[in-house]
Amino acid sequence: MADPLILVERHEAVAVLRLNRPAQLNALTADLVVQLREAVEGLGADPSVRALLITGEGRGFCAGQDLSDALVSPETGKAKDLGHIIDHYHIPLCLALRNCPVPTVCAVNGVAAGAGVSLALGCDVVLASDAAVFVLGFNKIGLVPDGGATWLLPRLLGRAKALELALLGDKLSATDAELCGLISRCLPPEQLMQAALQAAGRLASLPTRALVSTRKLFDDAMQMGFEPALRAESRQQSLLGFSHDYTEGVAAFQQKRPPQFRDR
Ligand code: T3D
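Predicted, not measured: the structure shown is a model, and the values here were computed from it.

Some points on the sheet that holds strand β6 (residues 111-113)
Next, step 1: Spatial ordering of the open sheet is given by β4-β6-β8-β9, a layout of four strands whose pairing is mixed. Pairing within the sheet leaves two strands with one partner each, and these edge strands are β4 (60-62) and β9 (172-173).
Next, step 2: Relative to β9, strand β8 (residues 133-135) runs antiparallel, the two being bridged by two bridges. Its bridge partner being in β9, V133 is matched across the sheet by S173.

Next comes the structure, spelled out in structure tokens:
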């Protein structure tokens, strides 16, 4: 029987999803993309799961689209509409992650290339091994960045650095990625998974609905003026102010005890 493309482990309320094509540096085939999206959606809807952690098996995190996949490889001789493939496979995965009902952590264990960079940056908290590198690589095969990279990179890095990375296609070390704000934190390889599990565990213990609403407000605010952002915060606060987790958080503070959050 073929190896599963995604390995799933549970660590209490944290679900770990591990891309499992190590010999190809976890390059994304159509099947892998579909299975990853199904896992993100399925586990995100499971009330016992309160955080997701995505990482890669072996020495790489994800080398982007599998360029040997018959679906995209020009070698098979059939004209391919890559936009159709992106619409059908990649965009649903990007949206499942961005709209995930629980917070997401990425542990970038090794090289991230092309859509693998977009996958990592699509998570809420991005930790990387200091052995990891980020390389867009789209320029070298005559394509534009995708998987949300054109939206994410200028926002995270500013236009000048984002364009330099995308146009020249140079590798960015994880250390530099942390320094320029592309990722949250860079760690020695032997500490990466422990730190990622710890971050995911902490997120799992916090009020999920407030965390996910914060992600959405941050994203929405990028296309808003200051006053509309103030109003959006106020509308969300109205909703959260009636939630169990707000009542519980305030009660726990007053009673000097740990809170027990449960809203989704
Ligand atoms: O097509 C569409 O649908 C549009 C969407 C596009 C989205 C994209 O992601 S486009 C970008 C695609 N990715 C790339 O262009 C990256 C290609 N890979 C590389 O540049 C290098 O492999 C890396 C920089 C990622 C790592 O280099 P290195 O020296 O550490 O490893 P390696 O020896 O090059 O690769 C190891 C194996 O993985 C190797 O297989 P082999 O020779 O041992 O049998 C290599 O062929 C395989 N591999 C790496 N990347 C891919 C891949 N196989 C298929 N597709 C890959 N993307």
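Thoughts on the pairing of strand β3 (residues 51-56)
Next, step 1: β3 sits mainly inside the fold: six of its six residues count as buried.
Next, step 2: Side-chain alternation along β3 places A51, L53 and T55 on one buried face and L52, I54 and G56 on a second face that is also buried.
Next, step 3: Between the parallel pair strand β2 (residues 14-19) and β3, the chain is carried across by helix α1 (residues 30-45), and the sense of this crossover is right-handed.
Next, step 4: As paired strands, β3 and strand β5 (residues 104-108) are joined by four bridges and run parallel to one another. Note on β5: the bridge partner recorded for T55 is A107.

Description of the site of the ligand
Next, step 1: Taken together, 21 residues lie around the ligand, and R59, A63, Q65, L67 and A115 are the ones closest in.
Next, step 2: Within the contact set of the ligand, an oxygen atom lies 2.8 Å away from a backbone nitrogen or oxygen of Q65.
Next, step 3: Contact distances for the ligand include 2.9 Å between a nitrogen atom and a backbone N or O atom of L67.
Next, step 4: Here the ligand, which alone exposes 1,000 Å², has 65% of that area covered by the protein.
Next, step 5: Within the residue set of the shell around the ligand, elements represented by two or more residues are α2 (82-98) and β6.
Next, step 6: Among the elements that line the shell around the ligand, the one with the most residues is α2, at three residues.

Considerations on the domain arrangement of the protein chain
Next, step 1: For the protein chain, the assigned domains are domain 1 (6-205) and domain 2 (208-255).
Next, step 2: Spacing between the C-alpha centres of domain 1 and domain 2 amounts to 27 Å.
Next, step 3: Listed per partner, the contact involves 13 residues of domain 1 and seven residues of domain 2.
Next, step 4: Of the roughly 840 Å² buried at the junction of domain 1 and domain 2 (both faces included), carbon and sulfur atoms supply 45%.
Next, step 5: The largest share of the area that domain 1 buries against domain 2 comes from R98, W151 and R155, three residues that together contribute 44% of it.
Next, step 6: Seen at the junction of domain 1 and domain 2, the total is two salt bridges.
Next, step 7: Salt-bridge contacts for R215 lead to D124; the nearest nitrogen and oxygen are separated by 2.9 Å.

A word on the nonpolar core
Next, step 1: Residues L36, V40, F61, V108, F134, L182 and I183 are the most contacted members of the largest nonpolar core, which totals 54 residues.
Next, step 2: Sorting elements by how many residues they give to this core places α1 first, with seven residues.
Next, step 3: Ranked by size, the runner-up nonpolar core spans 15 residues in total, among them V14, V16, A195 and A200.

What counts, and where the lines are drawn
- Residues numbered from 1 in each chain as written.
- Predicted model: local features only at pLDDT ≥ 70, side-chain atom pairs only at ≥ 80, totals over all residues.
- Heavy atoms only, no water.
- Pairing = 2+ DSSP bridges.
- Helix = DSSP H or I, 4+ residues; strand = E, 2+ residues; numbered from the N terminus.
- Buried < 20%, exposed > 50% of the residue type's maximum accessible area, 1.4 Å probe, protein only.
- Right-handed = clockwise from strand over helix to strand, strands pointing away.
- Near = heavy atom within 4 Å.
- Polar contact = N/O pair within 3.5 Å; in protein donor to acceptor, adjacent residues only side chain to side chain.
- Areas by Shrake-Rupley, 256 points an atom, 1.4 Å probe, with all protein chains shown as cover.
- Domains from an automatic or database assignment.
- Contact = heavy atoms within 4.5 Å.
- Buried area = accessible area lost by both parts, 1.4 Å probe.
- Salt bridge = Lys/Arg side-chain N within 4 Å of Asp/Glu carboxyl O.
- Core = buried A, V, L, I, M, F, W, Y, C linked by side-chain atoms within 4.5 Å.

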